[in-house]
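# A structural walkthrough
Now for the letters of each chain:
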Amino acid sequence: MDQNIFRKRIREVQNLLKESEVLLLFAAPQKIRNRDVEYKFRQDSDYYYLTGIEEEDGVLVLRRDFSAHFALPKDKEKEIWTGIRLGKEEIKKRLELDQSFDLGEWDPKISDILTNQFTLYHFFGKDSKRDSELLELISSLNRRLREGKFGPQRWEIPNFLHEMRMLKSPEEIEKLKESSRITALGHERLFKETKVGMYEFELESILESEYLKHGAWGGGYGHIVAAGKNATILHYTTNRAKIGDNELILVDSGAEKDYYTADVTRVFPSGKKFTSEQRTIYQLVLDVQKQAILDTKQGVEFNAVHEKTVKNLTSGLIDLGLLKGGLSEIIEKGEYRRFYMHRTGHYLGMDVHDVGRYFENGKSKPMQNGLVVTVEPGLYFDPTDETIPAGFRGIGVRIEDDVLVNGDNPVVLTSMIAKEVDEIEAMRG
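Residues numbered from 1 in each chain as written. Predicted model: local features only at pLDDT ≥ 70, side-chain atom pairs only at ≥ 80, totals over all residues. Heavy atoms only, no water.

## Remarks on the pairing of strand E14 (residues 264-269)
The condition is simple: For every residue, the accessible area obtained with a 1.4 Å probe (protein chains only) is divided by the maximum for its type, and the residue is called buried under 20%, exposed over 50%, and partly exposed between those limits. The numbering of helices and of strands both runs from the N terminus, where a helix is a DSSP run of H or I of at least 4 residues and a strand a run of E of at least 2.
Of all six residues in E14, six are buried, a share of seventy percent or more. Residues of E14 alternate between two faces, with Val-264, Arg-266 and Phe-268 on one and Thr-265, Val-267 and Pro-269 on the opposite face, all of them buried.

As structure tokens, then:
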């Protein structure tokens, strides 16, 4: 992404800060997987959003009239092992900062940075050790009141940064479109290549290889490849079962590229055709999902889409005889939760469950242009529930697309991925 975008974001945050307010933003650390082996590094989303820097352990400091960064120092010996570091001078130049320091200068300088700053903005809760050190330092600074000095009196989560991230710029939307395009390639291969007798992990490997082949980081979250009754487990990621005859396969997977992830769920039969019961439930979920997408408009309260989805799914289940009673009574008692136990969507962007508040002053927030959300109704039938007709037991269906709020005309970023019954059966055939 153009460096000017990160510079602009930094200036925007500085303009939001008032006098005597300071924001500290920390890069992600390297994390140990086991013994001395590290996980594949992925930068903290908030830090990357403002800096575009992919190195670990940096710190961005912003005040209204001051900007600085602390970076890993240039070190020839370490760079041989882990790659060339940007260094403080390059970072200062890239982001047009007032100051830039080696990370080793953090401890000596942090006291001066926080002295006489009334409010500290920091994402408390990400690193308990760092939080404790900051609070201890603030307490120490506040014991110097007789010198006319003090530390922050107020500590806050910088929610304003998450509100910035909620509404996507044209550049961000293009990145989400690219992640969606790559995601489509992975799902389409599964439609065409899956066979009875394969294992769930074989499908997972197809997805990951397709994402990597097209320049993605990989999946933006753990791939869910759930065959048969495993699809009734919402966050199933074991992916070790063998695919049997006449099973539905639920795949929830999205590629992440350039720090923006797609989030898509598709369901298809292990054979060439849906069974009658599978087709009935699938079509019900699909019809409800299409209506929910149409309702994803500017000014509509986010929660209203979920509430209408609950009504539509419940009505369909009553028509099928799978729920008995009046619509309002079933919803009021929560009886529909036997079959539909999650929300209809969430924000999407750099994180699969992206940042931003869903409620404000106790009310669901209206959606705004530039917001990207998932729309993902589903129905799940307990394989052990003998009160359900046998043909429905063990069926799990969720259909999920990524939708850009665009006035009264929602844009489905993942529309290229087949979801109509005849489309899927044609690809399976």
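## Quick notes on the sheet that holds strand E17 (residues 372-375)
Rule in force here: The pairing criterion for strands is at least two bridges between them, as found by DSSP.
The three strands are arranged E17-E20-E21 in an open sheet whose pairing can be described as antiparallel. The sheet terminates laterally at E17 and strand E21 (411-412), the two strands that pair on one side only. For strand E20 (residues 401-404) and E21, the ladder comprises two bridges, and the chain directions are antiparallel. Within the sheet, the bridge partner assigned to Val-403 lies in E21 and is Val-412.

## Considering the packing of helix H10 (residues 276-294) against helix H11 (residues 302-319)
This is how it is decided: Each axis is a line fitted through C-alpha atoms, and for a helix only the stretch in contact is used; angles between axes span 0 to 180 degrees, taken between their N-to-C directions. Each angle receives one of four descriptions, namely roughly parallel if under 35 degrees, roughly antiparallel if over 145, roughly perpendicular if within 65 to 115, and oblique otherwise. Working rule for handedness: look at the near helix, and if it is turned counterclockwise from the far one by less than a right angle, call the crossing left-handed; if clockwise, right-handed. Any two residues having at least one pair of non-hydrogen atoms within 4.5 Å are treated as being in contact. All residues other than Ala, Val, Leu, Ile, Met, Phe, Trp, Tyr, Cys, Pro, Asp, Glu, Lys and Arg, Gly among them, are scored as polar; the first ten of these are nonpolar and the last four charged.
Here H10 crosses H11 at 155 degrees, and the two axes come no closer than 10 Å. As far as their axial angle goes, H11 and H10 are roughly antiparallel. Along this stretch, H10 crosses H11, giving a crossing that reads as right-handed. Note on element contacts: H11 touches H10 through Val-305, Lys-308, Thr-309, Asn-312, Leu-313, Gly-316 and Leu-317, opposite Leu-284, Val-285, Val-288, Gln-291 and Ala-292. Per-class residue counts for the contact of H10 with H11 are seven nonpolar, four polar and one charged.

## Points about the domain arrangement of the protein
We apply this condition: For the purposes of this description, domain bounds are those given by an automatic or database domain assignment. Buried surface area refers to the total accessible area, computed with a probe of radius 1.4 Å, that the two partners give up upon joining, counted for both partners together. The working definition used for a salt bridge is a side-chain nitrogen of Lys or Arg within 4 Å of a carboxyl oxygen of Asp or Glu. Between N or O atoms, a polar contact is any pair within 3.5 Å; within protein, one atom must be a potential hydrogen donor and the other a potential acceptor, and residues adjacent in sequence are included only when both atoms are from side chains.
Under the domain assignment used here, the protein contains domain 1 (3-164) and domain 2 (167-428). For domain 1 versus domain 2, the separation of C-alpha centres amounts to 37 Å. Each side of the interface is counted separately: domain 1 has 13 residues, and domain 2 has 15 residues. Where domain 1 abuts domain 2, roughly 1300 Å² becomes buried across the two surfaces, and 49% of that area is made up of carbon and sulfur atoms. Contact with domain 2 buries surface across domain 1, with Lys-40, Arg-42 and Glu-163 losing the most and accounting together for 42% of the total. Our count for the contact surface shared by domain 1 and domain 2 stands at four salt bridges. Residue Arg-9 is joined to Glu-172 by a salt bridge in which the shortest nitrogen-to-oxygen separation is 3.8 Å. Taken together, domain 1 and domain 2 are joined by eight residue pairs in polar contact (both at pLDDT 80 or more). Among the elements of the structure, helix H1 (3-16), helix H2 (45-51) and helix H7 (159-166) are those that each provide at least two residues to the side of domain 1 that touches domain 2. For the side of domain 1 that touches domain 2, the per-class residue count stands at five nonpolar, three polar and five charged.

## Observations concerning the pairing of strand E1 (residues 21-26)
Burial within E1 is extensive, with six of its six residues counted as buried. Pairing of E1 with strand E7 (residues 119-121) involves three bridges; the strand directions are parallel. Pairing of Glu-21 across the sheet is with Thr-119, part of E7. Bridge count between E1 and strand E4 (residues 59-63): five bridges; the pairing is antiparallel. From the neighbouring strand, Leu-25 faces E4, where its bridge partner is Leu-60.

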